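Close look at the chain arrangement
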Amino acid sequence: MSYLEVNDLRVHFPIKGGVFGRTVGHIKAVDGVSFSLEKGKTYGLVGESGSGKTTTGRAIIGLNNITSGKVMFDGVDITNIKRAKSDARKNIQMIFQDPYSSLNPKKRVFDIVAEPLRNFENLTRSEERKRVQELMELVGLSPESILKYPHEFSGGQRQRIGIARAIALKPKLIIADEPVSALDVSVQAQVLNFMKEIQKELDLTYLFISHDLGVIKHMCDQIGIMYKGRYVEEGTADDIFTNPQHIYTKRLVAAIPDIDPNKREEKRVFREEVKKEYEQSYNDYFDEEGLAYKLQPVSDTHLVALPEKG
Amino acid sequence: MWKFTLRRTLIMIPQIIVLSLLIFVLAQLMPGDALSGQIGPDVDPERLDEIREEMGWNDPWYEQYASWMGGVVKGDLGDSFRFKMPVSELIGQRMVNTFWLSVATLILTYLIAIPLGIASGRYNDTWRDQLITGYTYVGFATPLFIFALVMLWIFGFKLGWFPTSGSITPGLEPGTFEYLMSKIYHLILPALSMALITTYSTIQYLRNEIVDTKHKDFILTARAKGASESRVYNRHILRNSLLPIAAFFGFEITGLIGGSIFIENIFGYPGMGQLLVESITLRDYTVLTATTLLFGVASILGALLSDIILSIVDPRIRIK
Amino acid sequence: MSEKLLEIKNLKTSFRIKDDYHAAVDNLSLTVNKNEVLAIVGESGCGKSALAFSIMGLHTRAKIDGDILFKDKNIAKMSSSEFNKVRGKDIGMIFQDPLTSLNPLMEVGEQIGETLYLHNKNMSKTDRRERVLDLLNKVGIPRAEHVINQFPHELSGGMRQRVMIAMAIANKPELLIADEPTTALDVTIQSQILDLINKLKDDMDSGIILITHDLGVVAEMADRVAVMYAGEIVEIADVKTLFENPLHPYTRSLLNSVPNANSEQEKLHVIQGIVPSLQNLPREGCRFSTRIPWIDQAAHEEHPTLKEVAPGHHVRCTCYKHFSFPDESKEEQHVLS
């Protein structure tokens, strides 16, 4: 039994249209996604804009309504997390992309970080203060700064405040939605290092959503690649980066700029080849609607979306 | 596009039904009826009840509403109890007057708002802008009826430049040039008084649109192409800022209705606004409900117009 | 040696904050040659965009001192009507976010056509249309006859950026400034756009200034690289030298902080402290010294200048000679607790 198990998850958004604004169709933002997370590991969900990776994360935590499918967390069904026992809501927290807009600018850091504590735990004022100060220290910010407002912090510090809020209730699973995309490289390094550190310290499990393959490779044990609401490939970091099987994954990996200028020409030729292969074998990898097929195992850890044989 | 217009027009139907119900019920709730205060004490109360029965005033409200609406749909707004004539006839000429007053006011409003808004937005935070914004604050703070009274007193009575009441000099033949000029002459002062006050919102709106648009990224793109400042303004900033103003047009109409009630009464201008107030004081319910309904429908049409204009001018909505 | 196209001399771009002017680009000198891609790298607030905007004359409220010589004409001192004949024609610019950088209420064709019209008022309407279609084809937009009458919001992000590029190259500029041209795009689209820019560069034989924070993009695209920190260039070298033998502590720190898909590293390097704001910038001495406090103050120059350490390789300050990363784990402790 895995720690988090997502089974055939679907999130469809209605499209309104016509004279009477009836539902004329659905956008299948997430269209039958299944994966599972092991405790204490980091699972990376990768895809380009519109792939449904963020919707998947938001659906698990209850920010998007699940159309169908099942989500199990630690053996408990949390598909309808809003009505689930509050334990699950406490144990799963989210870190958002933009540290500038995800913190209420009118609230002091103290109130921002204390908010989840107030929702779930009955603490006295002084206990609460002590907890917040501990959390601030844990994320590397000075405990005295709790009376400041978010705008008085830099981007990296703000993201740490977001992390402090997320770990306030000692959660077991954190869904991190593009946590470093809005940050400069050096600040990004700071946040990534820190996330790794608290993972060990607090025995956290991460669902790490990102479009940046470099970051994903650095952070994740297992990776799922999404395209148009479906999985195209899943495997260990090694499977994905050194042995990509699906043409979409190959293309994605080929598109990452190489930091070695000597390999420039080599890379360009390689990309050209992959592009040709993509165009030639497109129909082998996608169905008539241009969507991915069901995942088929190619090894113990490696799954690829291929048409069923026979 | 046509789908959007059709849908938007269909939405109007329930709006108008709710509006008519509301007007009708409110009129019913008003104390007294058309007979109160008009009948001498010597009239037999039984006779009064007979009249009420005859007029259908004792029927349940929904029956009265149904018969009223039935008439309205056929264009029959009932008879004025006071003027002893069909309401539609009574309203006819006044509606034309109010229409022209509104047109004149709108023209003046835009004549004032567009140059001032552009100057204010283009040269924002200069003395020119501060002067214009100052004016808009005054316009915002000044009650229309007081301002109109002052205008009437200065230009009508003291200086005698404009007539002080009516919509036409008596005795002129309709259709002649003199008749037309007299009409316009009577319009100017009330329209100007209203425009000077109500224009503030359009100026502010235009100014803010321009200031906003000025800081958009695509303005940088235009400059990077080598467009001159004046071209950047005319082609990119102004064009993009005037479109929302065009959409605002429908809502101006709604604003005008409120204004015309004050203005027509102060300037003794025989329009719908004046009729509305008269019908309230005289408890002439058929007239009251009819005028209110027409004003309400005009507001709803104004909003519709706004949406349609916006959908025509803004490709982002048009394409949908 | 290749032909000089743009020469910036002692450029100082200052912004007014509370009655005082603060330089975002501080006494910067730089040359761009014909047919080369010069990348300018740095993190937000280092002044790289302010530099691009200065060249294009897009700052409305900044004080600009110094000279910008474009083909020996000083464009920094030109009147706006003179300069309007240059920008859009000889110098083109591509912006970061193609959605907000295109006029939402104007058809794509009209926007590209405007660039043509502004610099050639005699071109007939049909000729202009032909040329716009040409450009759309050239930047790889399919069904150009259809797209020409579309509005920006009807196109995908990648297509919009292609439109921006078509606009920038409409008059075959000799210098192209690309300010974070792929930051708002997905990776696969990014690689297509970068390939397109590369192809166009070879076709047009023009110089390109590529402004980016992405070292991967630099490695793929640049011929030469200038690294900016706090308004100054701290290191400039050809791309291979910069990645193989980076000298300045900032360059080295930056390179070590990137998670790289092609290498294994458990910990990323973290630069201590934060980028100082414009008002709090230490303008005396080495500006990077506060971020590497473990290096002896004596290692820094009093007035650091860019010095040529090898042909074409310039480094600011002497601190690079004495720089080494502190013990990784110890440093992490320091930063994180």
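Reading guide: rules and limits
Residues numbered from 1 in each chain as written. Chains lettered and ligands numbered in written order. Predicted model: local features only at pLDDT ≥ 70, side-chain atom pairs only at ≥ 80, totals over all residues. Heavy atoms only, no water. Helix = DSSP H or I, 4+ residues; strand = E, 2+ residues; numbered from the N terminus. Rg over C-alpha atoms; globule rule 2.2 N^0.38 Å. Buried < 20%, exposed > 50% of the residue type's maximum accessible area, 1.4 Å probe, protein only. Contact = heavy atoms within 4.5 Å. Areas by Shrake-Rupley, 256 points an atom, 1.4 Å probe, with all protein chains shown as cover. Lys, Arg positive; Asp, Glu negative; His and termini not counted. Charge placed at Lys NZ, Arg CZ, Asp CG, Glu CD. Pairing = 2+ DSSP bridges. Buried area = accessible area lost by both parts, 1.4 Å probe. Salt bridge = Lys/Arg side-chain N within 4 Å of Asp/Glu carboxyl O. Nonpolar A, V, L, I, M, F, W, Y, C, P; charged D, E, K, R; others polar. Axes fitted to C-alpha atoms, helices over the stretch in contact; angles between N-to-C directions. Polar contact = N/O pair within 3.5 Å; in protein donor to acceptor, adjacent residues only side chain to side chain. Core = buried A, V, L, I, M, F, W, Y, C linked by side-chain atoms within 4.5 Å.

1. Some words on the overall build of chain A
Helix and strand counts for chain A come out as ten helices and twelve strands. Relative to the globule expectation of 19 Å for 310 residues, the C-alpha radius of gyration of chain A, 21 Å, shows essentially globular dimensions. Judged by the C-alpha coordinates and their principal axes, chain A covers about 65 × 55 × 45 Å. Scored against the burial criterion, the 310 residues of chain A give a buried share of 54%. The contacts of chain A with a sequence gap of at least 6 include a subset with a gap of at least 24, amounting to 63%. Carbon together with sulfur atoms contributes 47% to the accessible area of chain A, which is approximately 14000 Å² in total. Computing the positive centroid from 44 side-chain charges and the negative centroid from 44, chain A places the two 6 Å apart.

2. Considering the overall build of chain B
If you tally the helices and strands in chain B, you get twelve helices and zero strands. Dimensions of chain B, computed from the C-alpha atoms along their principal axes, are close to 85 × 55 × 40 Å. Contacts in chain B between residues at least 24 apart in sequence constitute 71% of all its contacts with a sequence separation of at least 6. Put simply, chain B shows about 16500 Å² of open surface, and 68% of that area lies on carbon and sulfur atoms.

3. Some remarks on the pairing of strand β1 (residues 4-17) of chain A
All names here are of chain A. As defined by bridge partners, β1 adjoins strand β4 (residues 68-73) across five bridges and the pair is classed as antiparallel. Across the sheet, the residue bridging to R10 is S68, located in β4. Pairing analysis gives twelve bridges linking β1 to strand β2 (residues 22-37), with the strands arranged antiparallel. Bridge pairing in β2 places R10 opposite D31.

4. Some details on the interface of chain A and chain C
Contacts between the two partners involve 39 residues from chain A and, on the opposite side, 44 residues from chain C. Summing the contributions of chain A and of chain C, the shared interface buries around 3700 Å²; its carbon and sulfur component is 50%. Three residues, A:V185, A:I259 and A:R264, lead the burial of chain A against chain C; their summed loss comes to 17% of the area buried on that side. The tally of links between chain A and chain C comes to three salt bridges. Note that C:E220 is salt-bridged to A:R271, the shortest N-O span being 2.7 Å. Mapped onto the side of chain A that touches chain C, the elements with two or more residues apiece are α6 (185-202), α7 (213-219), α9 (247-255) and α10 (264-285) of chain A. The element that contributes the greatest number of residues to the side of chain A that touches chain C is α6(A), accounting for twelve residues. Grouping the constituent residues of the side of chain A that touches chain C by class yields 13 nonpolar, eleven polar and 15 charged.

5. Focus on the sheet that holds strand β5 (residues 73-74) of chain C
Residues and elements named next belong to chain C. Read across the sheet, four strands follow the order β2-β1-β4-β5 without closing on themselves; strand pairing throughout is antiparallel. The open sheet has two edge strands, β2 (20-33) and β5, and neither has a second partner. Two strands pair when backbone bridges link them, and strand β1 (residues 4-17) and β2 are joined in this way by ten bridges, in the antiparallel orientation. From the neighbouring strand, R16 faces β2, where its bridge partner is Y21. Sitting on the sheet, helix α1 (residues 48-56) is in contact with β1, β2 and β4 (62-70), with an inclination near 110° to β1.

6. Re the side chain of C:S206
Mapped onto the elements of the fold, C:S206 is located in the loop between α7 (187-204) and β8 (207-212). If sequence neighbours within four positions are ignored, C:S206 has contacts with C:N35, C:E36, C:P173, C:E174, C:L175 and C:K201.

7. Quick word on the interface of chain B and chain C
Many structure descriptions define interface size as the accessible area lost when the parts assemble. Across the contact, 21 residues belong to chain B and 29 residues belong to chain C. Across the chain B/chain C interface, buried area totals approximately 2300 Å², and carbon plus sulfur atoms make up 58% of it. Inspection of the chain B/chain C interface yields four salt bridges. Among the salt bridges present, the one from B:R231 reaches C:E114, with a minimum N-O distance of 2.8 Å. Our enumeration of links across chain B and chain C arrives at 15 residue pairs in polar contact (both at pLDDT 80 or more).

8. Re the nonpolar core
Within the largest apolar cluster, 75 residues are counted, with the highest numbers of intra-cluster contacts made by C:L30, C:L51 and C:I177. C:L51 has contacts with C:I8, C:L11, C:V25, C:L28, C:L30, C:I40 and C:M228, leaving out every residue within four places of it along the chain.

9. With respect to the side chain of A:K267
Its location among the elements puts A:K267 in helix α10. The side chain of A:K267 sits in the buried core without any salt bridge; A:D258 is the nearest counter-charge, 4.5 Å away.

10. A word on helix α10 (residues 272-281) of chain B
Residues and elements named next belong to chain B. Within α10, burial applies to M272, G273, Q274, L275, L276 and S279. For α10, the secondary structure elements touched by its buried residues are α4 (87-122), α9 (229-266) and α11 (285-313). Downstream of α10 by one or two residues, R283 has phi in the positive range, about 55°.

11. A look at the pairing of strand β3 (residues 42-46) of chain A
All names here are of chain A. Summarising burial for β3: five of the five residues are buried, a large majority. Where β3 lies against strand β8 (residues 205-210), five bridges are found, and the strand directions are parallel. Paired with V46 across the bridge in β8 is S210.

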